[in-house]
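# Reading the structure
This is what each chain is made of:
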Amino acid sequence: MNRTTLSDKKRRAIALFSGGLDSTLAIKLVKDQGIEVIALNIDIGFGSTKSKLEHMQSMCDQVGVELRTLDIRDQYLREILFNPKYGYGKNFNPCIDCHGNMFRIARELMEPWEADFLISGEVVGQRPMSQRRDALDLVTGLSETQELLLRPLSAKVLPPTLPECEGWVDREKLLGITGRNREVQLRMAEEIGLKDFEKPGGGCLLTDENFSKKLAEFIKYDNLEVEDIALLKCGRHLRLPDGAKLVIGRHREDNAMIDAAITPKYRKIRLLDATGPISAISANASRADKELAARLTATYGKTSPSKRYSVQVGEETFEVIPFESKEPAKKYFINL
Ligand code: SF4
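A quick note: this is a predicted structure, and the numbers were derived from the prediction, not measured. (Residues numbered from 1 in each chain as written. Predicted model: local features only at pLDDT ≥ 70, side-chain atom pairs only at ≥ 80, totals over all residues. Heavy atoms only, no water.)

## Brief notes about helix H1 (residues 21-31)
Turn by turn, an α-helix covers 3.6 residues, leaving residues three or four places apart pointing in a common direction. Stated formally: Between buried and exposed lies partly exposed: a residue is buried under 20% and exposed over 50% of the maximum accessible area for its type, with that area taken using a 1.4 Å probe on protein chains only. Here a helix means four or more residues in a row that DSSP labels H or I, a strand means two or more in a row labelled E, and each is numbered from the N terminus. Contacts are residue-level and defined by heavy atoms, with any inter-residue pair within 4.5 Å sufficient.
Most of H1 is tucked away: ten of the eleven residues are buried. Every buried residue of H1 is accounted for by Leu21, Asp22, Ser23, Thr24, Leu25, Ala26, Ile27, Lys28, Leu29 and Val30. Looking at the buried residues of H1, the elements they touch are strand E1 (12-16), strand E2 (36-43), helix H2 (52-63), strand E4 (117-119), strand E5 (149-150) and helix H7 (183-192).

Shown next as structure tokens:
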């Protein structure tokens, strides 16, 4: 007789997955115990690199699990970023609320995805804000995940969770890592032959001081919408005397990013008769700000202060002479 009993059922877990080493190892520890794991990456919009998806896929392929991504950028801006219950970390990072939100969303997916529990790569005491022991408890409370959330890297120093109590996973085969030292994780990565596990281009931009400054300045003038985020990630940012925002490309890649990030809120600026950066200026800029933006853009181009250049600003063309140096631009800088 071939009957599937409850205890025979293959258990499934949803892993909150950032693409980093810790979440990859957490998945591996649980997968090795015969649990089917779905790696869920939740996109809040502030990742710093476009090669991230490729990297995450490579990590999932190496540990043999499926990757699913979920775009919550809009919900994150509306409900979390500007009104976190537990405040911010060192910069614009509301990590406790952010984690709580992610776990709550993952919990809601448990039923449709037929998962039995959740896992995360959090390590007790690893990060100053979000991974202190009390912070982990706050995250659990915010997300109402309680005993459903297993943290395999620190499990042995945390109270047993449902999958451990039910015997779906063997607590003895989990770890009890605490603190910032990553020795155990690096050794484990080597043992399992994990390749290229360092995340390309850094992590969440909300923990970046310079990016946080730009964001704080932006919201003094405008409501942040999902479409605005891409432009915040590139270029030199300036605020002109009449209040327009100007973003000037720093190099070829920046120029391409600015070009792609221009929304109806902005107008593109480019030099018509010289090589130079691509800039973006607020669509509602005053004429004086547009002219200054054209002049500043020309100053950052391959130009001479003794010549006049044609600069296109949206549909208009300005004839400008570049500044003698980049010095006059500095007083408008939001970031360098
Ligand atoms: S670092 Fe960024 S993504 Fe991670 S919890 Fe903090 S705010 Fe959220």
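On we go from here.
## Some points on the pattern of salt bridges
Just so we agree on the cut-off: The term salt bridge refers to a side-chain nitrogen of Lys or Arg lying within 4 Å of a carboxyl oxygen of Asp or Glu.
This model, assessed by the stated rule, comprises 20 salt bridges. We note a salt bridge from Arg151 to Glu122, for which the minimum N-O separation is 2.7 Å. One end of the pair, Arg151, is in the loop between E5 and helix H6 (162-165); the other, Glu122, is in the loop between E4 and helix H5 (133-143), and 29 residues separate them in sequence. One network of salt bridges, with partners in common, ties together Asp222, Glu225, Asp228 and Lys265.

## Focus on the layout of surface pockets
How we decide: Site definitions follow a grid-based scheme: protein atoms alone, a 1 Å grid, a 1.4 Å probe that fits but cannot get out for cavities, and for pockets an open set with protein on both sides within 12 Å along at least five of seven lines, plus lining residues having an atom within 4 Å of a point. Grid points are joined across faces, edges and corners, and a volume is the space filled by probe spheres set on the points. Any residue that is not Ala, Val, Leu, Ile, Met, Phe, Trp, Tyr, Cys, Pro, Asp, Glu, Lys or Arg is counted as polar, Gly included; the first ten are nonpolar and the last four charged.
For the second largest pocket, the calculated volume is near 260 Å³. Along the walls of the second largest pocket sit Arg236, Gly249, Arg250, His251, Arg252, Asn255, Thr275, Gly276, Pro277, Tyr300, Gly301 and Lys302, which together make up its complete lining. Counted by class, the lining of the second largest pocket contains two nonpolar, six polar and four charged residues.

## Looking at the packing of aromatic side chains
Note the cut-off: Paired rings are identified among Phe, Tyr and Trp, the last through its six-membered ring, by centres lying within 6.5 Å, and are further divided according to the angle between planes into stacked (under 30 degrees), edge-to-face (over 60) and tilted (the rest). In this analysis the charged atom, NZ for Lys or CZ for Arg, is taken to sit over a ring once it is within 6 Å of the ring centre and within 35 degrees of the ring normal.
Summed over the entire model, instances satisfying the criterion amount to five aromatic pairs. With centroids separated by 6.1 Å and ring planes inclined at 90 degrees, the aromatic side chains of Phe82 and Phe92 adopt a geometry described as edge-to-face. One end of the pair, Phe82, is in the loop between helix H3 (73-81) and helix H4 (95-110); the other, Phe92, is in the loop between H3 and H4, with ten residues separating them in the sequence. Three or more aromatic residues link up through ring pairs in this structure, and these residues are Phe46, Tyr76 and Phe211. Positioned above the aromatic ring of Trp113, the side-chain terminus of Arg68 is 4.4 Å from the ring centre. Positioned above the aromatic ring of Phe323, the side-chain terminus of Arg295 is 3.8 Å from the ring centre.

## So, the pairing of strand E10 (residues 309-313)
Basically, it comes down to this: Paired strands, as defined in this entry, are two strands with at least two bridges between them according to DSSP.
Counting buried positions along E10 yields four of five residues, so the element is predominantly enclosed. Pairing of strand E8 (residues 266-271) with E10, which is carried by three bridges, proceeds in the antiparallel orientation. Within E10, the residue paired with Ile269 across the bridge is Val313. Note: E10 against strand E11 (residues 316-320), five bridges, orientation antiparallel. Across the sheet, the residue bridging to Val311 is Phe318, located in E11. With antiparallel pairing between neighbouring strands as the criterion, E10 and E11 make up a hairpin whose turn holds two residues, including Gly314 at a positive phi of roughly 60 degrees.

These results come straight from atomic positions and should not be treated as a statement about function.
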